[in-house]
Amino acid sequence: MNQTVEGLIEKLAQEHTLETGELAILLKARDKQAAELLRQSADNVRQRVYGRQIYIRGLIEVSNICKNDCYYCGIRKSNGYCQRYRLTEEEILTCCQEGYDLGFRTFVLQGGEDGYFTDQRLCSLIEEIKKRYAHCAITLSLGERRRESYQRLFDAGADRYLLRHETATKAHYQRLHPPEMSYENRMDCLMALREIGYQVGCGFMVGSPGQTIDHLVADLKFIEAFQPDMCGIGPFISHRDTPFACQKAGTLEMTCYLLSIVRLLAPGVLLPSTTALGTIDPKGREQGILAGANVVMPNLSPSSVGKKYELYDNKLYTGQESAQHLEELKQRMEAIGYEIVTGRGDAKTYRI
Ligand code: SAH
């Protein structure tokens, strides 16, 4: 690591901003030393905001039926090999109950863009969850919907919405999605969610096909400007039945490097150490936490469907014995000096 890079990391740690050109230098100069310095700086900032606490979210994968055809995604509509499923309202509520008993106080309902989940059905589901667990947070991750729809779901009680921007570069967005999907619509959705009052999450994949350093810099500048409440970053991993079947995966090292930078650009952000990171490396989740992440999202989906929500090959699925898994996760976090806490785990404001 040369002095310039060290200086950039210091500036980032103190001022929480870097110019476009500076970020490009930082990304191009990535080596072990720079990664370690970034990691330590991110860890310091995270500890000032969140201490050593790690928040947990119970992920419920409600449906793998999807009208979209994203080139990278295993549940895209053109994948005829995907065994489709949809959880019933009853099954979703059972997942919530199991999660609640384990200590989860945030439920994340994620799924493909499945027309079955109309506003009416979702609103009654959200209201029922809120009735049963008034002090729990509901996070939705159900893709692009109309503004009015987001508003209705919010009014019904949804607190947060995760919608990764996927990439902040229009040309790269087009490389990853079919022509009927648009970068503008994705961004408009994020803005609408924020205006409505959701806690909003954006994010992107690391190492998606055709991704360049400039694309990553654009993602980082977008995150710095948008200051999301949450940010999902994980490596791209190919799925055998997609157009990107033969593309290589993003790396643990680059993902952790970016997690550290994001922690410094948006100190109070809720930053998950993602399932994808745990999939490419057995210690991936721990590495993500050490790099600055402060959230983990164990799967609460029933074991009968857990394997079917296959966004990419060999997706980690540890839900079968949730209680045992959570215990193991607690121990793994304790082993690296962190503590899993229950509670809603809202974002904290960072004051310099
Ligand atoms: N339909 C919802 C949820 C999508 S799945 C939505 O559109 O937001 C959640 C995230 O998984 C996606 O946003 C994408 O970034 C990630 N993902 C999909 N396919 C992936 C792959 N092959 N490798 C890694 N991450 C992937």
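Predicted model, so just to flag it, every value in this text is computed and none were measured.

Student: Explain the environment of Gly268 to me, using residue names and the numbers behind them.
Tutor: Its location among the elements puts Gly268 in the loop between α10 (252-265) and α11 (275-280). On the basis of relative accessible area, Gly268 is assigned to the buried category, the value being 15%. For Gly268 and Gln14, which are 254 residues apart along the polypeptide, the C-alpha to C-alpha distance reads 14 Å. Once residues within four sequence positions are removed from consideration, Gly268 is found in contact with Val49, Tyr50, Arg263, Ala347, Lys348 and Tyr350.

Student: Lay out the pairing of strand β3 (residues 106-111) with the relevant residues and their values.
Tutor: Regular strands place their side chains on alternate faces of the sheet. Here β3 lies mainly inside the structure; 6 of its 6 residues are buried. Relative to β3, strand β2 (residues 58-63) is paired through 5 bridges, and the arrangement is parallel. The partner of Ile60 across the bridge, within β3, is Leu109. Crossover connection from β2 via helix α4 (residues 89-102) to parallel β3: handedness right-handed. By the bridge criterion, 5 bridges tie β3 to strand β4 (residues 137-141) in an arrangement that is parallel. In the strand pairing of β4, Leu109 is matched with Leu140. Handedness of the crossover is the feature at issue here: the chain leaves β3, passes through helix α5 (residues 119-132), returns alongside β4, and the resulting connection is right-handed.

Student: Requested: an account of the state of the cysteines, with residues and values cited.
Tutor: For the structure on display, the rule yields 0 disulfides. Lacking any disulfide linkage, Cys202 is separated from the closest cysteine sulfur, that of Cys231, by 4.4 Å.

Student: Kindly report on the sheet that holds β2, identifying the contributing residues and their values.
Tutor: Working definition: the strands of a sheet are paired by backbone hydrogen bonds and lie parallel or antiparallel to each other. In spatial order, the strands read β2-β3-β4-β5-β6-β7; together these 6 strands make up an open sheet with parallel pairing. Among the strands making up the open sheet, the edge pair consists of β2 and β7 (230-235). Sheet twist, expressed as the average angle between the axes of neighbouring strands with direction ignored, equals 20°. Taken together, the 2 bridges between β4 and strand β5 (residues 160-162) define a ladder with parallel strand orientation. Bridged to Leu140 within β5 is Tyr161. Its contacts with the sheet put helix α9 (residues 213-226) on β6 (199-206) and β7, and the angle it makes with β6 is roughly 170°.

Student: For the pattern of salt bridges, give the residues involved together with the corresponding values.
Tutor: In this structure the tally under the stated criterion is 26 salt bridges. A salt bridge links Glu113 to Lys67; its shortest N-O distance comes to 3.1 Å. Of this pair, Glu113 sits in the loop between β3 and α5 while Lys67 is found in the loop between β2 and α4, placing the two residues 46 residues apart along the sequence. By relative accessible area, which is 11% here, Glu113 ends up buried.

Rules of the game
- Residues numbered from 1 in each chain as written.
- Predicted model: local features only at pLDDT ≥ 70, side-chain atom pairs only at ≥ 80, totals over all residues.
- Heavy atoms only, no water.
- Helix = DSSP H or I, 4+ residues; strand = E, 2+ residues; numbered from the N terminus.
- Buried < 20%, exposed > 50% of the residue type's maximum accessible area, 1.4 Å probe, protein only.
- Contact = heavy atoms within 4.5 Å.
- Pairing = 2+ DSSP bridges.
- Right-handed = clockwise from strand over helix to strand, strands pointing away.
- Disulfide = S-S within 2.5 Å.
- Axes fitted to C-alpha atoms, helices over the stretch in contact; angles between N-to-C directions.
- Salt bridge = Lys/Arg side-chain N within 4 Å of Asp/Glu carboxyl O.

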